[in-house]
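Structural features, examined
One letter stands for each residue in the lines below.
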Amino acid sequence: MAALCFPKEGITKNDFHHAVFNEIVTILSGPRNGLQLATKKSIDEDELILTVGLTDPEAKKQLAHMEDLSVRLSQTLYDEKKVDVPTSTKQYTGLDYNAAGKFVPSPGKELNGDEIPNNHNAYLRYSAKKAHMFEEVSQLDCIRLVKRRLLKFLHMDELVDHDIVNQWFPVHHWDELDELHKKGWNNPTRILQWPSEARSDSINKYFGPEMAFFFHWYNHLTRWLAFPAILSIFTYGARISGLVSRIQINYVSMAFAAMLVIWSSMYVSQYRQAKNLKQNKWGMENLGASALVVRKQFKDAYRDSFADYAQHFFHWFMVVFFVFETIMAVYYVTQMQVRAKQHPHEHGPFGIPNEYIAQYAKYLITINIKLVDKVWTPISNMLTNRENWRSVQELQQSMIAKMFCVKMFVFYYPFVYIIVIQPYTKGCGPDNSRNDLTGCIDELNESLILFFFSQIAIEIALLIAYLGLAAWGVRSERSKHPDKEYTYLELQGKTMPYTEEDLISDSLNAVVTYGYIILFGVSLPFMCLLGFLTNLVMIRLVAYKVSYAYQRPMPKAMDGIGTWEGVMRILGYVGVLTNAYIAMFTLRAFRDEDMVWKLIMFIVLQNVGMGLKMAIEGLFDERNSAHKRIIEYHDDCKDVLLDEKDPPQIGDGKVAALESPFK
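Residues numbered from 1 in each chain as written. Predicted model: local features only at pLDDT ≥ 70, side-chain atom pairs only at ≥ 80, totals over all residues. Heavy atoms only, no water.

We now examine the overall build of the protein. Secondary structure summary: the protein contains 21 helices and 8 strands in total. Along the first, second and third principal axes, the C-alpha atoms of the protein reach 95 × 95 × 55 Å. Relative to its full complement of 663 residues, the protein shows a buried share of 48%. Contacts in the protein between residues at least 24 apart in sequence constitute 77% of all its contacts with a sequence separation of at least 6. Summing over all exposed atoms, the protein offers an accessible surface of approximately 33,800 Å²; the carbon and sulfur share of this is 60%. Computed over 69 positive and 73 negative side-chain charges, the inter-centroid distance for the protein is 2 Å. (Helix = DSSP H or I, 4+ residues; strand = E, 2+ residues; numbered from the N terminus. Buried < 20%, exposed > 50% of the residue type's maximum accessible area, 1.4 Å probe, protein only. Contact = heavy atoms within 4.5 Å. Areas by Shrake-Rupley, 256 points an atom, 1.4 Å probe, with all protein chains shown as cover. Lys, Arg positive; Asp, Glu negative; His and termini not counted. Charge placed at Lys NZ, Arg CZ, Asp CG, Glu CD.)

This is how it looks when you write it as structure tokens:
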């Protein structure tokens, strides 16, 4: 580990920076690292950009060996050993299944136009002595290696804290982004492009597993939403046609909700299999403790101290505070609407006429949802980062748990309030009825539609704001030096880093959309179509954002979407409760039934629904048959691939002189 030299008395800041810069160059480009360095001054010459790369073939091999990099076995090795590469597409020879089969291309193309292969080469720890067995160290692997060497020899956080380094980040490659753009992946004008399974392979090669698993999950969810989205069109057509009565529509909605219970179970199970298959293809299986990144801020002596407990307590206190704020905000807006309807000719808060309050106050709930969302996210992230978590993964799990606790309540409570609490307090519809809950259902549907459209509008506005800030910074610097070239590298320095908090926020948007569909599907089946279209738009916006509005995310080893997979499974079970409640207690079809009968049917429906979900999820193993056969095939042929043979002699080779007792 290199030691940083701090300024002595009398030394200038410029001399100190000069000394540290020379030391960094010596360390990184010296014989212990072999990295290639280059410098470039910014357009106004107030910053020095130092690029660190790994281009020397021998240095790649040595560093990959030293860092125990996991690399794919090459196609050449399989050909030399006359061993087929297994694919995930079933191949049959006669009556027997051939796990290897022939080469089968999957739909889609690489960035260079080649077909994306459907083969699953094995991954092993890289060995410089057996370099011929492996594929070449990829550009993404080079970024990982450079990052590991930087962190091994330099205290990057200290360099930033002492204003020696402003920021450090992996650089985008315009040519590859442009290829992704031509394919439509990060092109916002191609929102109707089908979210294919194969596209995530290209994302993995450029951004790494963490971002690839995120988009793989997003694409998978969107594809699965297509089926209920199409069905919802027919239910919506029946609703507006006038040919079907309201009660008949209620029964159609209940059947649709039952379908969603089955659909969500199938989706969760199928996604788990698809994710595990990608783990195998991307070399992310069995990461375990090897993927844990220990935080340098972690202090073992601080763990379990009073201050440590106090930090966690305060964070959870803030969770409760924001939940309470949501309850009070909904209560205040609701009471304000009730008073406005009772006294339409008077004025409310701030002199606003009550007729406007009665009509537009419902939008305040949507504003509160978005406001709390934007306020709680940075507060929770700041508190989590200050807590004494040992690994980055533990920190992320804590961040997701606390963020989701608040946002789940903030996003869903106002809508649950409309159908659970409002009928027995304010009442439903213009006449505030407590028996006919049709007005509450209509209000719920209007609020849900408003949320979906406002979500897209806000994301577009934020994206434009990020791009505008970067463009403003570039324009202000170029105006001072119109004759100088402004490079793409310097432009990236003006954009914001795409952090773990940003990824969590983007993941949460998708989970929230899924939650609305699962929780309130019986009320508004048309939400499935809205969710499907929203996802198509959001996928393109997020892809565009990480490609052009933000710096390139640092590639990280990841075996899936982490905690979000469990969150979506939990939402599926909660959805059984909410849909059963809406069906029995709010739909007109059962309005005149006895309360005891409603309670009995509610209990029956929710138990049948949960039992059905558990039965469906239990039918599917974590790995599909193709995945199992790939693993079994590699187990059978790994000795051939690795030339692992028993030695001709083990031990001293002498035969024991023992007389058989059976003679």
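Below, the discussion takes up the nonpolar core. Formed by 110 residues in total, the largest nonpolar core has its most connected members in Phe207, Phe215, Trp217, Tyr514, Tyr516, Phe520 and Trp564. Considering every element that reaches this core, the biggest residue donor is helix α18 (residues 527-549), with 15 residues. Every residue in contact with Trp217, bar those within four places of it in the chain, is listed here: Tyr267, Tyr271, Ser507, Ala510, Val511, Ile561 and Met568. Counting 36 residues, the second largest nonpolar core, distinct from the first, contains Val85, Val165, Tyr633 and Leu642. (Core = buried A, V, L, I, M, F, W, Y, C linked by side-chain atoms within 4.5 Å.)

Right, let's talk about helix α9 (residues 246-282) for a bit. Its 37 residues place the ends of α9 51 Å apart at the C-alpha level, agreeing with the 54 Å of an ideal helix rising 1.5 Å per residue. Burial analysis of α9 places 26 of its 37 residues in the buried class, the great majority of the element. In the stretch just after α9, Gly283 is the one whose phi turns positive, near 75 degrees. (Expected span 1.5 Å × (residues − 1).)

Attention now goes to the packing of helix α17 (residues 500-520) against α18. It is the contact of α17 with α18, at a shortest axis distance of 10 Å, that shows an interaxial angle of 175 degrees. In terms of axis orientation, α17 runs roughly antiparallel to α18. Here Asp506, Asn509, Thr513, Tyr516, Ile517 and Phe520 of α17 come into contact with α18, specifically with Met527, Cys528, Gly531, Asn535, Met538, Val542 and Lys545. Considered class by class, the residues forming the contact of α17 with α18 number 7 nonpolar, 4 polar and 2 charged. (Axes fitted to C-alpha atoms, helices over the stretch in contact; angles between N-to-C directions. Parallel < 35°, antiparallel > 145°, perpendicular 65-115°, else oblique. Nonpolar A, V, L, I, M, F, W, Y, C, P; charged D, E, K, R; others polar.)

This next bit is on the confidence of the model for the protein. Mean pLDDT over the protein works out to 82, with 91% of the residues at or above the 70 mark. Note on residues 1-8: pLDDT is under 50 here. Beyond four places in sequence and across chains, it has 15 contacts. (pLDDT = per-residue confidence, 0-100.)

Assignment of secondary structure puts Asp502 in helix α17. Expressed as a C-alpha distance, the spacing of Asp502 and Lys598, which sit 96 residues apart in the sequence, is 44 Å. Sequence-distant contacts of Asp502, defined by excluding residues within four places in its chain, comprise Pro497 and Tyr550.

As a further point, take the packing of helix α8 (residues 209-241) against α18. Orientation of α8 relative to α18, taken along the N-to-C sense of each, is 155 degrees, at an axis distance of 7 Å. Considering the angle they form, α8 stands roughly antiparallel to α18. The crossing of α8 and α18 is left-handed. For the contact of α8 with α18, the per-class residue count stands at 19 nonpolar, 5 polar and no charged. (Left-handed = near helix turned anticlockwise from the far one by under 90°.)

Take a negative patch on the surface next. A grouping of Asp157, Glu158, Asp161 and Asp163 is seen on the molecular surface, where their side chains present a negatively charged patch. According to the relative accessible area criterion, Asp157 is partly exposed, its value standing at 43%. (Patch = residues over 30% accessible without salt bridge, like charges linked within 9 Å, V, L, I, M, F, W, Y side chains within 5 Å. Salt bridge = Lys/Arg side-chain N within 4 Å of Asp/Glu carboxyl O.)

Both strand β1 (residues 36-41) and strand β2 (residues 48-53) contribute to a ladder of 6 bridges, which runs antiparallel. What sits directly across from Lys41, in β2, is Leu48. With antiparallel pairing between neighbouring strands as the criterion, β1 and β2 make up a hairpin whose turn holds 6 residues, including Glu45 at a positive phi of roughly 60 degrees. (Pairing = 2+ DSSP bridges.)

For Met399, the location among the structural elements is in helix α13 (residues 392-420). Here Met399 falls in the buried class, since its relative accessible area comes to 1%. Taking the C-alpha atoms as reference points, Met399 and Glu501, 102 residues apart in sequence, are found 8.4 Å from one another. When sequence neighbours within four positions are dropped, the list of residues in contact with Met399 reads Asn381, Thr384, Asn385, Glu501 and Ile504.

Phi is positive for Asp68, close to 55 degrees, though the residue is something other than glycine. With respect to the secondary-structure elements, Asp68 resides in the loop between α2 (57-66) and β3 (70-72).

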